[in-house]
Amino acid sequence: MFIIMLGPPGAGKGTQARNISKKLNIPHIASGDILRERVRIADDELSKKIREHMLRGELVPDDIVIKIIHDRLSQNDCEHGAVLDGYPRTLAQAKTLDAFLENKNKRVEIVINLDVPDDEVIKRLTYRRLCPKCNRIYHLLFNPPKNNELCDICNVKLIQRIDDREDIVKKRLEEYRNRTSSLINYYAEKHILYIVNGVNDINRIFNNIIFLIEEAIKPV
Ligand code: AMP
């Protein structure tokens, strides 16, 4: 089953997608992680271009993202589905994904839109910190490390993602409103869109999502 997680940056798509992936035993495809990894391992022109867009809080051009994500989706482990987190983010990406899946006699079955207001997104992202060694995520207010900005496990100084700075977060939100939010209508018209309140206890949000997925695949 192919599931798409929609919602603004900081909505909790990654956390929920990871849990769905474990529960349904399908891979978690996070476009932001894949792009960051591409930039980390290859020091070439393409990485430079990707990095520039990411640092400005802008979407990476469609042709680049589509190629990278579709290469990932062509791998064997995606044969029976995947949970997509952060992809698609534009209408062109959504339409190309539909065509890609249709070619394999597959389709997107369910789209979960995690609804979170802008002020909450800003609060969540600007206080977000991560361990550069183990990638564990902290929030300085809601889930702080035990010792002054050091990772509880690695004892390494936590870092802030550059694009989690407030000015860049605002740009990312603008990109979301201008370019990604139109996907809500796109999937609503296909009758596969479900809206979930993203300001809630993480486990409760997860249970709501699993309920919706089970309802959506129930035979009528
Ligand atoms: P994320 O980790 O999902 O917040 O993504 C971080 C950044 O990666 C975004 O601000 C974009 O610059 C880029 N990015 C991730 N996914 C996409 C996508 N589907 N289309 C274009 N750019 C993307």
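Overview of the structure. Every value quoted in this text rests on a predicted model; they were computed, and no experiment measured them.

### Regarding the nonpolar core
So, point 1. Ranked by size, the top nonpolar core spans 30 residues in total, and within it I4, I50, L73, L97, V111 and Y187 carry the most contacts.
So, point 2. Among the elements of the structure, β1 (2-6), α2 (31-41), α3 (45-56), α4 (62-73), β3 (82-85), α5 (91-102), β4 (108-115) and α8 (182-189) are those that each provide at least two residues to this core.
So, point 3. Among the elements that take part in this core, α4 stands out by supplying 6 residues, more than any other.
So, point 4. When near neighbours in sequence (up to four residues on either side) are disregarded, I50 contacts L35, R38, V39, V60, I64 and I68.
So, point 5. Counting residues in each nonpolar core, the second largest holds 24 residues, with M5, I122, V169 and L212 among its members.

### Things to note about the site of the ligand
So, point 1. Residues in close proximity to the ligand total 16 residues, the closest being S31, E58, G86, R89 and Q93.
So, point 2. The side chain of Q93 places a nitrogen or oxygen atom 2.9 Å from a nitrogen atom of the ligand.
So, point 3. Compared with its free state, where it exposes 480 Å², the ligand has 94% of that area covered by protein.
So, point 4. Broken down by element, the residue count for the shell around the ligand peaks at 4 residues, all from α2.
So, point 5. The residue makeup of the shell around the ligand, split by class, is 6 nonpolar, 4 polar and 6 charged.

### A short note on unusual backbone geometry
So, point 1. A cis amide bond, omega -5 degrees, links Y87 with the succeeding residue P88.
So, point 2. Structurally, P88 is set in the loop between β3 and α5.
So, point 3. A positive phi is found at N105, a non-glycine position, where the angle reads about 60 degrees.
So, point 4. By the element assignment, N105 lies in the loop between α5 and β4.
So, point 5. Residue N105 is classed as exposed on the basis of its relative accessible area, which comes to 76%.
So, point 6. The phi angle at E149 is positive, at roughly 55 degrees, despite the residue not being glycine.
So, point 7. By the secondary structure assignment, E149 is in the loop between β6 (137-139) and α7 (166-180).

Calculation notes
Residues numbered from 1 in each chain as written. Predicted model: local features only at pLDDT ≥ 70, side-chain atom pairs only at ≥ 80, totals over all residues. Heavy atoms only, no water. Core = buried A, V, L, I, M, F, W, Y, C linked by side-chain atoms within 4.5 Å. Buried < 20%, exposed > 50% of the residue type's maximum accessible area, 1.4 Å probe, protein only. Helix = DSSP H or I, 4+ residues; strand = E, 2+ residues; numbered from the N terminus. Contact = heavy atoms within 4.5 Å. Near = heavy atom within 4 Å. Polar contact = N/O pair within 3.5 Å; in protein donor to acceptor, adjacent residues only side chain to side chain. Areas by Shrake-Rupley, 256 points an atom, 1.4 Å probe, with all protein chains shown as cover. Nonpolar A, V, L, I, M, F, W, Y, C, P; charged D, E, K, R; others polar.

By themselves these figures say nothing about function.
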